[in-house]
Amino acid sequence: MATTAKVVSNRKGVLRRTTTWQTIPHHQHKLESKTETRRRPRCCRPIIAPPLSASNGRAGPAPSTSGTRLLAEDSAAFDLANQSLRSWTQFFALLAVVSAGLYGIWIDPNLAGLGTSFVSSVETLSDSHEVVMLAILVAFGVAHSGMAALRPQGERLVGARAYRVAFALISLPLALTAVTYFINHRYSGAALFDVRSVPGVHGAVWWLSFASFFFLYPSTFNILEVAAVDEPKVHLWETGVMRVTRHPQMVGQVMWSLAHCLWMGNSFAIATSAGLCAYHAFGCWHGDRRLEEKFGSDFVEVKNRTSVLPFAAILDGRQVLPRDYWKEWVRVPYLGVVLFTLGAYACHPAMQTAAHWVGW
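Just so it is clear, the structure is predicted and the values come from calculations on it, not from any experiment. (Residues numbered from 1 in each chain as written. Predicted model: local features only at pLDDT ≥ 70, side-chain atom pairs only at ≥ 80, totals over all residues. Heavy atoms only, no water.)

**Topic: the overall build of the protein**
A tally of helices and strands in the protein yields 14 helices and 3 strands. A total of 360 residues make up the protein; the buried ones form 38% of that total. Partitioning the contacts of the protein with sequence separation of at least 6, the portion at a separation of at least 24 is 65%. Carbon and sulfur atoms make up 64% of the accessible area of the protein, which amounts to about 20,800 Å² in all. (Helix = DSSP H or I, 4+ residues; strand = E, 2+ residues; numbered from the N terminus. Buried < 20%, exposed > 50% of the residue type's maximum accessible area, 1.4 Å probe, protein only. Contact = heavy atoms within 4.5 Å. Areas by Shrake-Rupley, 256 points an atom, 1.4 Å probe, with all protein chains shown as cover.)

**Concerning the packing of helix 6 (residues 201–216) against helix 13 (residues 332–346)**
Each packed pair of helices is defined by two parameters, the angle between the axes and the distance between the axes. At their nearest, the axes of helix 6 and helix 13 sit 9 Å apart, and the two run at 140° to each other. Of the possible angle classes, the one that applies to helix 6 and helix 13 is oblique. Crossing geometry of helix 6 relative to helix 13 is assigned as right-handed. For the pair helix 6 and helix 13, the contacting residues are His-202, Trp-206, Phe-210, Phe-213 and Phe-214 in the first and Tyr-334, Val-337, Val-338, Phe-340, Thr-341, Leu-342 and Tyr-345 in the second. Among the residues forming the contact of helix 6 with helix 13, the class breakdown is 10 nonpolar, 2 polar and no charged. (Axes fitted to C-alpha atoms, helices over the stretch in contact; angles between N-to-C directions. Parallel < 35°, antiparallel > 145°, perpendicular 65-115°, else oblique. Left-handed = near helix turned anticlockwise from the far one by under 90°. Nonpolar A, V, L, I, M, F, W, Y, C, P; charged D, E, K, R; others polar.)

**Focus on the side chain of Arg-164**
By the element assignment, Arg-164 lies in helix 5 (residues 160–184). No salt bridge is formed by the buried Arg-164. Its closest oppositely charged neighbour is Glu-225, at 5.9 Å. Setting aside anything within four residues of it in sequence, one finds Arg-164 in contact with Arg-151, Glu-225, Val-226, Ala-228 and Pro-232. (Lys, Arg positive; Asp, Glu negative; His and termini not counted. Salt bridge = Lys/Arg side-chain N within 4 Å of Asp/Glu carboxyl O.)

**What to know about the nonpolar core**
Phe-118, Met-133, Ile-136, Tyr-181, Phe-215 and Phe-221 are the most contacted members of the largest nonpolar core, which totals 42 residues. Once residues within four sequence positions are removed from consideration, Phe-215 is found in contact with Val-241, Val-244, Thr-245, Pro-248, Gln-249, Val-251, Gly-252 and Met-255. With 6 residues, the next largest nonpolar core counts Leu-236, Leu-291, Phe-299 and Val-302 among its residues. (Core = buried A, V, L, I, M, F, W, Y, C linked by side-chain atoms within 4.5 Å.)

**Observations concerning helix 9 (residues 248–264)**
Spanning 17 residues, helix 9 covers 24 Å between terminal C-alpha atoms, matching the ideal 24 Å at 1.5 Å per step. The buried fraction of helix 9 is high, at 12 of 17 residues. Among the residues of helix 9, Pro-248, Met-250, Val-251, Gly-252, Gln-253, Met-255, Trp-256, Ser-257, Ala-259, His-260, Cys-261 and Met-264 are the ones counted as buried. On its buried face, helix 9 sits against helix 5, helix 6, helix 8 (241–244) and helix 10 (267–295). Gly-265 occupies a position one or two residues after helix 9 and carries a positive phi of about 65°. (Expected span 1.5 Å × (residues − 1).)

**Remarks on a nonpolar patch on the surface**
Side chains of Leu-192, Phe-193, Leu-262 and Ile-270 sit close together on the surface and give an oily, nonpolar patch of about 320 Å² of accessible area. Residue placement: Phe-193 occurs in the loop between helix 5 and helix 6. (Patch = residues over 30% accessible without salt bridge, like charges linked within 9 Å, V, L, I, M, F, W, Y side chains within 5 Å.)

**Focus: the side chain of His-286**
Here His-286 shows up in helix 10. Among the polar contacts made by the side chain of His-286, one reaches the side chain of Arg-289 at a distance of 3.4 Å. In this view, His-286 contacts Ser-145, Ala-148 and Ala-149; residues no more than four positions away in its chain are not counted. (Polar contact = N/O pair within 3.5 Å; in protein donor to acceptor, adjacent residues only side chain to side chain.)

**Some remarks on the confidence of the model for the protein**
Across the protein, the average pLDDT comes to 82, with 80% of residues at 70 or higher. Per-residue pLDDT, averaged within each element of the protein, yields its smallest value for strand 3 (residues 32–36) (39) and its largest for helix 3 (residues 129–149) (96). Low pLDDT, under 50, characterises residues 2–66; the predicted model gives this stretch 103 contacts beyond four residues in sequence or across chains. (pLDDT = per-residue confidence, 0-100.)

**Digging into the pattern of salt bridges**
On inspection of all chains with the given rule, the structure shows 10 salt bridges. With a closest N to O distance of 2.9 Å, Arg-331 and Asp-74 form a salt bridge. On the criterion of sequence distance, the pair formed by Arg-331 in the loop between helix 12 (312–315) and helix 13 and Asp-74 in the loop between strand 3 and helix 1 (85–107) is long-range, its members being 257 residues apart. The pair formed by Arg-331 and Asp-74 is uniform in burial state, with each residue classed as buried. The salt bridge partner of Asp-316 is Arg-318, with a shortest N-O separation of 3.0 Å. Note on Arg-318: relative accessible area 34%, which makes it partly exposed. Because the salt bridges share partners, they merge into one network encompassing Glu-238, Glu-301 and Arg-305.

This is the structure we're talking about:
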């Protein structure tokens, strides 16, 4: 049996598709045909569809042609026409207010100094800096992942914005404590090796650290929601870095940890890195579970054509990169990551001075 198709117009000028089915029996050459208007089978539908806009969840112009129908959102999409000066003004104002509050309530020991009290209480667990560091990471992980797990119930109870604010007020102080403690004790513990004088090591550490930030911060895709300026939503991303790995934060953390362990070469760096990587490995399972609960079969299909291990889905053919894949990286959020990473590197001396002043 063979089919042919043509487009015809009815009396109202509306185009419709007609399909002609032709049957050629073995015992005769007589053609039998019939024409009917019918929906195309699923297997014959177009496999290229416009991606969803990250700003409004609606279909938008496709940035590439990958041969795969996108089910999720186009990550890192940024349309200047959709930006609001008021929203970004609110974002930076909130950032200033939160930073000031964090300094007064948590950081400065001469004011409330809650951070100092917290670290002192954790240090009673052990004289080992490695144990204290891991305990701080456990406290952060319980708060961060616990509140993420309770997000649906919390948002129904107090609303999406209020729950995001509560989430930030608990997570940010603990994250800042972990970073500060790591900076102050980065060269404590037992020295295991020292390759800093080996030619090429500094460059390798720098580039590995720099590249890790492209994976570590997918929250730049919806930064206004992170600050609760826009109403926070749960997103399912599919393009950009998500084609390489479905869990870029885990990959970025492993890259960052390898770089810093190579440079520091001591037991404290290794213990900290092990704790961070273990938590992000748990986050892979935890994140997949929450996304499947939220998006159901759409997430399952996205999961089937992506991978946790970088490039695994690409190498085994489950993920087909579009011809213009590079365009999915040349976007404003990734430029923000570049500027932030270079700025953080330039501010390393100031960060070390500030951490020493805090004294945790």
